[in-house]
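What follows is each chain in one-letter form.
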Amino acid sequence: LEPAGETIVYEGPSSGGFIRNGWITYFRTSTTPAQLWTRSPAGEQRQVISDTTNSWEQLGEDGTIMYFSGGSRYLSAPDYTAPPVRIMHAWGRTFYLGGKFYVALGRSLFEIR
């Protein structure tokens, strides 16, 4: 933190974000297409994805991000250099509870491993 108790993560146009366990995720909208970035608790910033059709849903305690793109749901883990893992269609609602990702679909709850 800066002496004033604040840290500037990114100066420029951005949209939304999550904060969990020291991790921050946000879209940099100053680029075309918008880019999803994270900042680790150590201050390292990395681009996760670059595609305006993407929308993130949840951020895990370790920086893992669940997002959907093109009708499918994906997981991407730090350092974000490996290809994201396709989980399922983008139906349902995502939750992050007790260190695990879940998807509620209808009256069923699925744990994502």
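Residues numbered from 1 in each chain as written. Predicted model: local features only at pLDDT ≥ 70, side-chain atom pairs only at ≥ 80, totals over all residues. Heavy atoms only, no water.

**Student:** Would you take a moment to explain the overall build of the protein for this structure?
**Tutor:** Within the protein one finds zero helices and eleven strands. When the elements of the protein are put in sequence order from the N terminus, they spell out β-β-β-β-β-β-β-β-β-β-β. A sequence separation of at least 24 residues applies to 27% of the contacts in the protein between residues at least 6 apart. On the protein, roughly 6,800 Å² of surface is accessible, and the fraction owed to carbon and sulfur atoms is 51%. (Helix = DSSP H or I, 4+ residues; strand = E, 2+ residues; numbered from the N terminus. Contact = heavy atoms within 4.5 Å. Areas by Shrake-Rupley, 256 points an atom, 1.4 Å probe, with all protein chains shown as cover.)

**Student:** Is there a simple way to explain the sheet that holds strand E11 (residues 108–112) in this structure?
**Tutor:** Where strands meet in a sheet, backbone hydrogen bonds hold them as pairs that are either parallel or antiparallel. The strand order across the open sheet formed by three strands is E9-E10-E11, and the pairing between neighbours is antiparallel. Each edge of the open sheet is held by one strand with a lone partner, namely strand E9 (93–97) and E11. Across the sheet, the mean angle separating the axes of adjacent strands is 30° when strand polarity is ignored. Bridge count for strand E10 (residues 100–105) against E11 is five bridges, and the pairing is antiparallel. Its bridge partner being in E11, Val103 is matched across the sheet by Phe110. (Pairing = 2+ DSSP bridges. Axes fitted to C-alpha atoms, helices over the stretch in contact; angles between N-to-C directions.)

**Student:** Teacher, can you tell me more about the pattern of salt bridges here?
**Tutor:** Side chains that carry opposite charge are capable of pairing whenever their charged atoms lie near each other. For the coordinates displayed, the defined rule picks out four salt bridges. A salt bridge links Glu44 to Arg46; the nearest nitrogen and oxygen atoms lie 2.5 Å apart. Look at Glu44 and you get partly exposed, because its relative accessible area is 41%. For Arg46, a relative accessible area of 30% puts it in the partly exposed group. The salt bridge involving Glu57 is made with Arg73; its shortest N-O contact spans 2.7 Å. (Salt bridge = Lys/Arg side-chain N within 4 Å of Asp/Glu carboxyl O. Buried < 20%, exposed > 50% of the residue type's maximum accessible area, 1.4 Å probe, protein only.)

**Student:** Can you help me understand the pairing of strand E6 (residues 65–69) in this one?
**Tutor:** For a regular strand, the rule is simple: side chains alternate between the two faces of the sheet. The buried fraction of E6 is high, at four of five residues. As paired strands, strand E5 (residues 55–59) and E6 are joined by four bridges and run antiparallel to one another. Its bridge partner lying in E6, Ser55 is registered against Phe68. Judged from the five bridges that link them, E6 and strand E7 (residues 72–76) form a sheet pairing that is antiparallel. Its bridge partner lying in E7, Phe68 is registered against Arg73. The hairpin turn running from E6 into E7, its antiparallel successor, is two residues long, and Gly70 in that turn takes a positive phi close to 55°.

Shape descriptors only; they carry no functional weight alone.
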